[in-house]
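# Results of the structural survey
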Amino acid sequence: MSQPRRDCQPSSWRDNTKVAEDCSTGHVHTLQYQHFIPRFILRRFLVGLPMSNSKRTAVLYYDVATGSLDARPIGKVYGALGLYQDFHNTININELERKLSRLESQAAPIIEILHKARAQGTLTLKRKYLEILQKFLFIMHCRNESRYSLALEVDRPEIAKARQRTEHGIKDVQTDADIWRRILGYYLDLSHSDLMRNAAKVVEKHGEEGFQEMHVPSVTYRAYVDDYFLSIWEAAPEEEFIITSNAFSLSEGSASSCPALHRIFVLSPHLAVVMCNVRLRPETKRYTRPGSFESFLLNVNPAPPTPMYAGREDGTHPLTKPRSLRKRKINSFEFKIKKLTRSQTLELNSVALFNLEETGSLTFESGTKMLRTAQAFRSNFPSSHLVIPFIAHLTASLKTEAWTLCSPVQSPAAASDEDFDPLSLGDSVLYVLLMQICSGRRQFPSAYDRAHLILKIMAKAKPTSFSREISRKVRGTLKACRGDVEDGMSFAEDVNINPTPLLSSIPSELSSQLFQLMIPYMTKRGAGHV
């Protein structure tokens, strides 16, 4: 059976290669540029460009390290030279890459089904397709750039355990990167069912107790499948998802003994698959003590898939049953696509921007929507400096109408009228002040003094989508605060809980005490850290 054809033209292959010498053998190898975000995912972010070579396809690409924003061919982004090449494999150093290609060719049409189901809002996946998708997402989690970097750290427990095993029987393993490739190859060689059976044998031998502490590849895979349910999220119509170098398998949120509440996989500007921890299931989440979870996305309540049993429909979920009853044959699963609100979409994008690294990158489709996302992120995380040059670059491009990088389904004329003028996203006086604060050019005696000036400007600013969103959150938080006051002071019905005039300035020490008290209190009531 022939191998799936890689989407790579001979010329681009020559552009994305480099010659390297193996010092241990003296052999010369060709290093290939290999992706950690698949090409078929990147194609969803393609833009039309007037390029000398019209056949080349490109995405908008912001390089954090250099501060450059341009269009780059998908063959040269979100990858690394020799990422999967195994120079110890004398038969074929690219064997691991071919195995990954085979899995991608199986997953791509399934993900296409997800995209086509957006209009209906629901879809049904056969069990075998869901298992392929689960395995694909797990492999993407393993091959993610940050996972590869972590694999090179000596103190990673799974690598340390793997190293101990390789020292007793596996040849030609010299580095942690070699071990990482071998583990990845192990997952690719076995089917979903084989991995689950191998894990069951290990657990049966060693017992259920201590199951989570075992760093055995098949057991790690089973934990991933059992501990998370797949959910499909759609961006709000007026927003879009963005992708970063580590946003295709981005871990988010935490709880006791839980490595992540969400694992995010952005599939396109409009769709994302999120692996949600089983603690987020409605029947479990409702009994969770407030404050037990830390996450930006707790206000998203996705429904787990509904299993469809052979011969009839059954609305019960397998994980709510004893393990002995889960062996009933499940033919398929029905998914409801979770349509996010505008603020929820911005919050998911904020997770990607919050995890943006100094050596990272960023890709998007719409300039105006990206600017809105970046400004919303800066308003919530003013100490994050990595996006400041990007906002300035993007704002200047849009303001001067120099934004010629439009999506392939839009003409330049249509792009110039897209949504609205990006400068209407916020008041210009406030924007300038925030940029001065973030750059350190504007200093204040205390954090209170700074907040007081921002409040004065916002009170006089013209209404914008940004200010309306802040006002909505403030009103909700104020309502919660009023409830706290009324509950705690019911004995004094004549107490005036209306706000009193604010001082324009207070000493720095008093300001620090005030914010140390108020920030945790306000955050728990939905105001966030502003």
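Description of the structure in this document. (Residues numbered from 1 in each chain as written. Predicted model: local features only at pLDDT ≥ 70, side-chain atom pairs only at ≥ 80, totals over all residues. Heavy atoms only, no water.)

### With respect to the side chain of Ser446
Tracing the sequence through the fold places Ser446 in the loop between helix H15 (428–439) and helix H16 (447–460). Apart from the residues within four sequence positions on either side, Ser446 is in contact with Ile506, Pro507, Ser508 and Ser511. (Helix = DSSP H or I, 4+ residues; strand = E, 2+ residues; numbered from the N terminus. Contact = heavy atoms within 4.5 Å.)

### Observations concerning unusual backbone geometry
In this model, Tyr78 sits at a positive phi of 55 degrees, which is unusual for a non-glycine residue. Tracing the backbone through its elements, the reader meets Tyr78 in the loop between strand E5 (68–73) and strand E6 (79–81). On the accessibility criterion, Tyr78 (2% relative accessible area) is buried. Phi at Ser249 is positive, roughly 105 degrees, even though this residue is not glycine. Within the fold, Ser249 resides in strand E10 (residues 248–252). (Buried < 20%, exposed > 50% of the residue type's maximum accessible area, 1.4 Å probe, protein only.)

### Considerations on the pattern of salt bridges
Tallying each qualifying case throughout the model produces 14 salt bridges. Ionic pairing is found between Arg182 and Asp86, a salt bridge with its closest N-O pair at 3.8 Å. In this pair, Arg182 sits in helix H7 (residues 176–189) while Asp86 sits in the loop between E6 and helix H3 (95–116), placing the two residues 96 residues apart along the sequence. For Glu95, the salt bridge is made with Lys99, and the minimal N-O distance between the two is 3.6 Å. Placement of both Glu95 and Lys99 in helix H3 is noted, with a separation of four residues, approximately one turn of the helix. You can call Glu95 partly exposed: its relative accessible area is 34%. By relative accessible area, Lys99 is classed as buried at 16%. When salt bridges that share partners are traced, they join Glu95, Lys99 and Asp189 into one network. (Salt bridge = Lys/Arg side-chain N within 4 Å of Asp/Glu carboxyl O.)

### A closer look at the nonpolar core
Formed by 102 residues in total, the largest nonpolar core has its most connected members in Leu114, Leu133, Phe136, Leu137, Ile139, Leu230 and Phe390. If we ignore the near neighbours within four places in the chain, the residues touching Leu230 are Leu130, Leu133, Leu137, Val273, Val274, Met275, Pro305 and Phe335. (Core = buried A, V, L, I, M, F, W, Y, C linked by side-chain atoms within 4.5 Å.)

### Describing the sheet that holds strand E8 (residues 228–234)
Note: strands within a sheet are paired through backbone hydrogen bonds, in either parallel or antiparallel orientation. Ordered in space as E10-E11-E12-E8-E15, the five strands form an open sheet in which the pairing is mixed. A strand with exactly one partner marks an edge of an open sheet, and here the two such strands are E10 and strand E15 (338–339). Note that E10 and strand E11 (residues 262–266) share four bridges and pair antiparallel. Residue pairing for E11: Phe248 is matched across the bridge by Phe265. Helix H11 (residues 342–354) rests against E8, E10, E11 and E15 of the sheet, and its axis sits at about 95 degrees to E10. (Pairing = 2+ DSSP bridges. Axes fitted to C-alpha atoms, helices over the stretch in contact; angles between N-to-C directions.)

### Quick look at the packing of aromatic side chains
One pass over the structure, following the stated rule, counts 17 aromatic pairs. When the ring of Tyr224 is compared with that of Tyr228, the centres are 5.7 Å apart and the planes differ by 35 degrees; the resulting orientation is tilted. Overall, Tyr224 belongs to the buried group, its relative accessible area being 5%. Note on Tyr228: relative accessible area 6%, which makes it buried. Joined through ring pairs, the aromatic side chains of Phe138, Tyr186, Tyr187, Tyr221, Tyr224 and Tyr228 make up one cluster. Across the ring face of Phe229, the terminal group of Arg281 is positioned such that the distance to the ring centre comes to 5.8 Å. (Phe/Tyr/Trp six-rings, centres within 6.5 Å; stacked < 30°, edge-to-face > 60°. Lys NZ or Arg CZ within 6 Å of the ring centre and 35° of its normal.)

### Considerations on the sheet that holds strand E13 (residues 306–309)
Here we have three strands laid out as an open sheet, ordered E7-E14-E13, and antiparallel in their pairing. Each end of this open sheet is capped by a strand with a single partner; those strands are strand E7 (122–126) and E13. Each strand of the sheet is rotated relative to its neighbour by a mean of 25 degrees, with strand direction disregarded. Sheet topology note: the E7/strand E14 (residues 330–336) ladder contains five bridges and is antiparallel. Directly across from Thr122, in E14, lies its bridge partner Lys336.

### Observations regarding H7
Look at H7: 20 Å from first C-alpha to last across 14 residues, which is about the 20 Å you get at 1.5 Å a residue. Counting buried positions along H7 yields eleven of 14 residues, so the element is predominantly enclosed. Taken residue by residue, H7 has Asp176, Ala177, Asp178, Ile179, Trp180, Arg181, Ile183, Leu184, Gly185, Tyr187 and Leu188 as its buried positions. (Expected span 1.5 Å × (residues − 1).)

### Some details on the packing of H7 against helix H9 (residues 217–227)
Two quantities define a packed helix pair, namely the angle between the axes and the distance from one axis to the other. With their axes 10 Å apart at the nearest point, H7 and H9 run at an angle of 65 degrees to one another. Remark: the crossing between H7 and H9 carries right-handed chirality. The residues of H9 that touch H7, namely those facing Ile183, Tyr186 and Tyr187, are Pro217, Ser218, Thr220 and Tyr221. The class makeup of the residues in the contact of H7 with H9 is five nonpolar, two polar and no charged. (Left-handed = near helix turned anticlockwise from the far one by under 90°. Nonpolar A, V, L, I, M, F, W, Y, C, P; charged D, E, K, R; others polar.)

### A closer look at the pairing of strand E12 (residues 271–277)
Among the seven residues in E12, seven count as buried, and that is most of the element. Of the two faces of E12, the one carrying Leu271, Val273, Met275 and Asn277 and the one carrying Ala272, Val274 and Cys276 are both buried. In the sheet, E8 pairs with E12 via seven bridges, with the strands oriented antiparallel. Each bridged residue has a counterpart across the sheet, and for Phe229 the counterpart in E12 is Cys276. Taken together, the five bridges between E11 and E12 define a ladder with antiparallel strand orientation.

### Topic: the environment of Ser384
Structurally, Ser384 is set in the loop between helix H12 (367–380) and helix H13 (388–399). According to the relative accessible area criterion, Ser384 is buried, its value standing at 18%. The contact partners of Ser384, leaving out residues within four places of it in the chain, are Phe377 and Arg378.

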